[in-house]
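Each chain, written out:
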Amino acid sequence: EDDFQFILCEGCRQESPNLKLLTCLHTLCLGCLSKNEPVGQCPVCCTAIQHAKGIPDMDNLLFTNLQARLKVYKQMVDGVDLFCDNCRRAGEFWCSECFEFLCTKCFEAHQRYLRWESHRARRVTDIRAGPAKDFLEDIRRAGILSCSNPAHKGQPVSIYCQRCEKALCCSCALLDNQHAPFRDIRSETQRRQEELSSMERELRRRRSGFEATYASLQDEAARLEEAQREMRELIGRRVEQLVRLIRREEEELVGLVEARQEQGRWELARELRHVEGVLRRMEAGERLVEKMSLYATEQEVMDMQPFIKASLQELQRLQLPLATGQAKPGPFAECRARLQAL
């Protein structure tokens, strides 16, 4: 089960039939989004959710469908409720094309009447003996696209219209002269998957720069904390040598150090949150593209690729923030000058 933890909501880590894909490429359920504070931000990376009510329109079809498929696989592994979907006898076979359990009698009829349609029915015992990935791969190979015309849902689809960017059946392509030019749907699906993979490779290359900046910001935060600690010790040693009349100066100096340190900490924390959010978005993008290439059906690629592509392009446009404090005087320079004068 560790292989499929990625299909859970990234907020509550639970399964949900209502998973939403955010523009930052994190996936959350409606429950987590509805109770998210502040509303309108991703609770994982704090990226703004580009929707008026904080609930994105894009469903994560890949993760939702994987949950449903894995529930069927778990039924087989547990041997629970395995009934023929036609006659309610004991289900001994599974057809990945029909997405149904079949008893022996219905299996024989299924093989006789659908042998020309390449339906792949397997014994439940054979599926149970294999890993979940093999089961999902069978479903992936059996997955078919549906025509974008609601009236032609049952028609096989093999054509892609480049003008309207939709999958079409032969009837739509022949009868509607507004559709042109055409491409083979499998070529288009492959092109989209390769485009996402290429963007994911570029994302990996850019990620190293963000990781270096993140590490630099962390080092600077540590140096700031160390400088603050040393300065407080110096102030304490020097002030102890002074008379009671200059206690007020001591309090001012300590207050100045605290103010500078707090200001620097706040600025660094803001930069760290930003870079950490970008890194999490990149991780989500890499993970989603990887899982798309492993488990997505052609329908899921066609539905989700434009949305994912737009999010990845937004990530590619992000610029690396410069580590602050590299060319500035120390945050306690003013305090040191006043202390030297004293």
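Residues numbered from 1 in each chain as written. Predicted model: local features only at pLDDT ≥ 70, side-chain atom pairs only at ≥ 80, totals over all residues. Heavy atoms only, no water.

Caption draft 1: Inspection of the nonpolar core at higher detail. Counting 58 residues, the largest nonpolar core has Leu-62, Met-76, Phe-135, Leu-288, Met-292, Ile-308 and Leu-312 as its most contacted members. With 11 residues, the top contributor of residues to this core is helix H8 (residues 247-295). Formed by 9 residues, the second largest nonpolar core is a distinct cluster that contains Met-231, Val-239, Leu-256 and Val-257. (Core = buried A, V, L, I, M, F, W, Y, C linked by side-chain atoms within 4.5 Å. Buried < 20%, exposed > 50% of the residue type's maximum accessible area, 1.4 Å probe, protein only. Helix = DSSP H or I, 4+ residues; strand = E, 2+ residues; numbered from the N terminus.)

Caption draft 2: Layout of the packing of helix H2 (residues 61-78) against helix H9 (residues 298-317). With their axes 10 Å apart at the nearest point, H2 and H9 run at an angle of 150 degrees to one another. With respect to each other, H2 and H9 are oriented roughly antiparallel. Where H2 approaches H9, its residues Leu-61, Leu-62, Asn-65 and Arg-69 are matched on the opposing element by Glu-300, Asp-303 and Met-304. Among the residues forming the contact of H2 with H9, the class breakdown is 3 nonpolar, 1 polar and 3 charged. (Axes fitted to C-alpha atoms, helices over the stretch in contact; angles between N-to-C directions. Parallel < 35°, antiparallel > 145°, perpendicular 65-115°, else oblique. Contact = heavy atoms within 4.5 Å. Nonpolar A, V, L, I, M, F, W, Y, C, P; charged D, E, K, R; others polar.)

Caption draft 3: Just the pattern of salt bridges, in detail. Considering all chains together, one arrives at 20 salt bridges under this definition. The partner of Arg-287 in a salt bridge is Glu-10, with the nearest N and O atoms 3.2 Å apart. Note that Arg-287 is positioned in helix H8 and Glu-10 in the segment before strand E1 (19-21), a separation of 277 residues in sequence. Through salt bridges that share partners, Arg-207, Glu-211, Glu-283 and Glu-286 make up one connected network. (Salt bridge = Lys/Arg side-chain N within 4 Å of Asp/Glu carboxyl O.)

Caption draft 4: Region of the structure containing the state of the cysteines. Tallied over the full model, the rule gives 0 disulfides. Looking at Cys-84, it has no disulfide partner, and the nearest cysteine sulfur is the one in Cys-106, 3.6 Å off. Not part of a disulfide, Cys-106 finds its nearest cysteine sulfur in Cys-103, a span of 3.5 Å. On the accessibility criterion, Cys-106 (16% relative accessible area) is buried. (Disulfide = S-S within 2.5 Å.)

Caption draft 5: A look at helix H7 (residues 185-240). With 56 residues, H7 should reach 82 Å at 1.5 Å per residue; the first-to-last C-alpha distance of 81 Å fits that figure. Of all the bends found along H7, the most pronounced is centred on Arg-206 and spans about 25 degrees. (Expected span 1.5 Å × (residues − 1). Bend = angle between axes of the 7 residues up to and from the residue.)

Caption draft 6: Geometry of helix H3 (residues 104-113). All of the buried residues along H3 are Cys-106, Phe-107 and His-110. Relative to the axis of H3, the buried residues are bounded by an arc of 105 degrees and lie together on one face. Residues of H3 that are buried sit in contact with strand E3 (93-95), strand E4 (100-102) and strand E5 (121-123). (Arc of directions from axis to C-beta.)

Caption draft 7: Molecular detail of the environment of Thr-104. Relative to the helices and strands, Thr-104 is located in helix H3. The spacing of Thr-104 and Gly-91 is 13 residues in sequence and 7.7 Å in space, taken between C-alpha atoms. Those residues in contact with Thr-104 that sit more than four places away from it in its chain are Glu-92 and Phe-93. Within the structure, Thr-104 has its side chain in polar contact with the side chain of Glu-92 (distance 3.1 Å). (Polar contact = N/O pair within 3.5 Å; in protein donor to acceptor, adjacent residues only side chain to side chain.)

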